[in-house]
Amino acid sequence: MTEIAQSRAAKTYSGNPENNLTEWEFLALNSELNIADGHARQELTPGQTKIIDELPLLFAEGERRPVEEIERECHRTYFRLLGQHSYPSAPGRVLSCYSSSVAMEILSRALATRMETVALVHPTFDNIADLLRGNSLRLVPLAEDPLHDQDLDERLLTSVGCVFVTTPNNPTGRVITQERLRRIAEQCAEHDVVLALDTSFRGFDPRAHYDHYAVLQDAGCRWAVIEDTGKLWPTLDLKLGMLAFSENLALPVEKIYSDILLGVSPMILALARRFAEDAAGGGLGELHRFIDGNRELVRAELSGLPGVTFPDPDSRVSVERVHLGERPSVEVWNALRERSVYALPCRAFHWDAPDEGANMLRIALARSADPLARSIKALRLVLESL
């Protein structure tokens with residue numbers, strides 16, 4: 001571990017409830033029993049192993065071919081895999097980044113040049129809130145339940161410059177339906193409000209595979225969408241974030257992108273393309289069955305414990321929330337840490353009202369069967385003791 005990493009670990013290791021989620025996840029990175037971060041860390045499938053064996057060829061391809069050609073093929077394969085046939089394929093309309101967080105930082109900076117206030121879905125992963133606030137934007141919570149079945153409040157729409165929605169949401173797994181997205185986009189168009197979507201977990205849920213871009217374009221609103229490969233495939237964080245945006249966005253995303261990045265490695269673009277091709281050939285269905293099996297394992301192992309429930313019974317994404325009853329999540333986290341098991345307390349997901357998540361843990365499901373099973377058995381023992 002580097003000196004900087006050691007210093008960071010020493011600062012955060014106490015499990016302070018005020019830590020952000022990335023700090024909690026950082027503590028887990030060197031543990032075999034890491035069920036904290038939502039990145040894909042399961043074993044490669046046989047088809048994916050063959051792709052890794054091709055890495056020298058992918059490197060050579062990156063040296064030989066124009067980057068824009070590889071990037072165009074990567075985007076086309078990825079978006080079509082997930083049903084996004086109307087994605088903006090014109091040059092420069094999808095900006096490739098090294099992570100969805102980099103894409104989020106670019107979008108946050110761009111928003112801050114034109115507005116002061118953003119309505120953000122609540123709860124959601126706290127680095128979205130942190131990056132928006134870090135660029136001096138004021139946040140208004142957008143409660144998840146009414147978001148799914150009610151029109152947006154007219155007073156809200158006249159007071160914000162952007163509505164930001166995560167779909168499927170992290171950690172709840174809830175998906176904005178096509179009909180709801182259409183109505184939200186129409187309202188944003190009526191009030192000239194930017195509609196921003198983070199769809200990083202889209203790949204796990206076929207209900208999120210309708211063509212979002214067709215809906216957004218038909219509504220005529222100003223929009224930006226963040227996409228991500230890092231949750232889907234176990235590529236040791238060799239991943240691709242993407243920021244797609246409408247022609248009428250009227251935000252300096254391209255200028256800010258150029259301030260931060262020259263571009264993304266063509267080898268990573270080629271790698272993401274090959275994993276998307278494998279997914280289109282049956283790998284995506286295999287991934288869905290794998291995550292479903294791990295979710296069943298978690299629920300079965302923890303069933304029958306007093307007070308323990310699963311708040312998101314219909315979730316299909318690669319994380320699972322566990323409500324601990326009256327047990328404080330930080331107390332459970334500390335007991336798990338003594339067994340070298342790391343999960344993720346949920347207070348910070350509720351970025352506007354942390355106490356709402358004080359009795360919940362989030363479990364990462366994109367893990368190989370044995371370490372996941374050992375981690376959940378340890379969690380059951382801890383919960384039985386508290």
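Given the structure is predicted, the values throughout are model-derived calculations rather than measurements.

Criteria and thresholds
Residues numbered from 1 in each chain as written. Predicted model: local features only at pLDDT ≥ 70, side-chain atom pairs only at ≥ 80, totals over all residues. Heavy atoms only, no water. Phe/Tyr/Trp six-rings, centres within 6.5 Å; stacked < 30°, edge-to-face > 60°. Helix = DSSP H or I, 4+ residues; strand = E, 2+ residues; numbered from the N terminus. Buried < 20%, exposed > 50% of the residue type's maximum accessible area, 1.4 Å probe, protein only. Axes fitted to C-alpha atoms, helices over the stretch in contact; angles between N-to-C directions. Parallel < 35°, antiparallel > 145°, perpendicular 65-115°, else oblique. Left-handed = near helix turned anticlockwise from the far one by under 90°. Contact = heavy atoms within 4.5 Å. Right-handed = clockwise from strand over helix to strand, strands pointing away. Pairing = 2+ DSSP bridges. Polar contact = N/O pair within 3.5 Å; in protein donor to acceptor, adjacent residues only side chain to side chain. Arc of directions from axis to C-beta.

Participant: Got a minute to help me understand the packing of aromatic side chains in this structure?
Facilitator: In this description, a pair of aromatic rings is defined by centroid distance and the angle of the planes. Enumeration according to the criterion identifies 9 aromatic pairs in this entry. Between Phe-79 and Tyr-87, the aromatic rings sit 4.4 Å apart at their centres with planes inclined by 5°, giving stacked as the arrangement. Arranged with centres 5.7 Å apart and planes meeting at 80°, the rings of Phe-79 and Tyr-213 form a pair that is edge-to-face. Here the residue Phe-79 occupies a position in helix H5 (residues 67–81), and Tyr-213 occupies one in helix H11 (residues 212–219), the gap between them amounting to 134 residues. Residue Phe-79 is classed as buried on the basis of its relative accessible area of 0%. Counting every residue linked through ring pairs, the aromatic cluster contains Tyr-78, Phe-79, Tyr-87, Tyr-213, Trp-223, Trp-233 and Phe-275.

Participant: Help me out: how do you make sense of the packing of helix H6 (residues 100–112) against helix H12 (residues 253–260) in this one?
Facilitator: Two quantities define a packed helix pair, namely the angle between the helix axes and the distance between the axes. Contact pair H6 / H12: the axes reach a minimum separation of 9 Å and the direction vectors enclose 130°. Our classification of the angle between H6 and H12 gives oblique. Read as a crossing pair, H6 and H12 show a hand that is right-handed. Across the interface between the two elements, Val-102, Glu-105, Ile-106, Arg-109 and Ala-110 of H6 pack against Val-253, Ile-256, Tyr-257 and Ile-260 of H12.

Participant: I would appreciate a short explanation of the pairing of strand E6 (residues 194–198) in the present structure.
Facilitator: The side chains of a regular strand alternate, first on one face of the sheet and then on the other. Counting buried positions along E6 gives 5 out of 5 residues, so the element sits mostly inside the fold. Burial of the side chains of E6 extends over both faces: Val-194, Ala-196 and Asp-198 are buried on one face and Leu-195 and Leu-197 on the other. Following the chain from strand E5 (residues 162–166) across helix H10 (residues 178–190) to the adjacent parallel E6, one finds a crossover that is right-handed. Of the pairings in the sheet, the one linking E6 to strand E7 (residues 223–228) comprises 4 bridges and is parallel in character.

Participant: Please explain the side chain of Arg-202 as it appears in this structure.
Facilitator: Positionally, Arg-202 belongs in the loop between E6 and H11. In terms of polar contacts, Arg-202 uses its side chain to reach the backbone carbonyl oxygen of Ala-208, at 3.3 Å. In terms of polar contacts, Arg-202 uses its side chain to reach the side chain of Glu-227, at 2.6 Å. Discounting residues that sit within four places of it in the chain, Arg-202 has contacts with Leu-82, Gln-84, Pro-168, Ala-208, His-209, Tyr-210, His-212, Tyr-213, Val-225 and Glu-227.

Participant: How do you make sense of helix H4 (residues 55–64) when you look at a structure like this?
Facilitator: Note: α-helices contain 3.6 residues per turn, so residues at a spacing of three or four share the same orientation. Residues of H4 that are buried: Leu-58, Glu-61 and Gly-62. What you see down the axis of H4 is that its buried residues fit within an arc of 100°, all on one side. Exposed residues pointing more than 90 degrees away from the buried face of H4 are listed as Pro-56, Leu-57, Glu-63 and Arg-64. On the buried face of H4, the contacting elements are helix H3 (46–53), H5 and helix H13 (266–302).

Participant: Sorry, what's going on with the sheet that holds strand E4 (residues 138–143) here?
Facilitator: Whether parallel or antiparallel, the strands of a sheet pair through hydrogen bonds between backbone atoms. What the 7 strands build is an open sheet, ordered E2-E8-E7-E6-E5-E3-E4; its pairing is mixed. At either end of the open sheet lies a strand with only one pairing partner, and these are strand E2 (94–97) and E4. Going across the sheet, the axis of each strand differs from the next one's by a mean of 20°, ignoring polarity. Direction of pairing for E5 relative to E6: parallel, over a ladder of 5 bridges.

Participant: Teacher, can you tell me more about the packing of H5 against H13 here?
Facilitator: Here H5 crosses H13 at 25°, and the two axes come no closer than 8 Å. Taken as axis vectors, H5 and H13 run roughly parallel relative to one another. Helix-helix and strand crossings are classified by hand; for H5 and H13 the assignment is left-handed. Where H5 abuts H13, its residues Val-67, Ile-70, Glu-71, Glu-73, Cys-74, Thr-77, Tyr-78 and Leu-81 lie against Pro-266, Leu-269, Ala-270, Ala-272, Arg-273, Ala-276, Glu-277, Ala-279, Ala-280 and Leu-284.

Participant: Can you help me understand the environment of Glu-331 in this one?
Facilitator: Locating Glu-331 in the fold gives a position in helix H14 (residues 329–337). Taking relative accessible area as the criterion, Glu-331 reaches 41% and is therefore assigned partly exposed. The sequence separation of Glu-331 and Leu-111 amounts to 220 residues, and the corresponding C-alpha distance is 38 Å.

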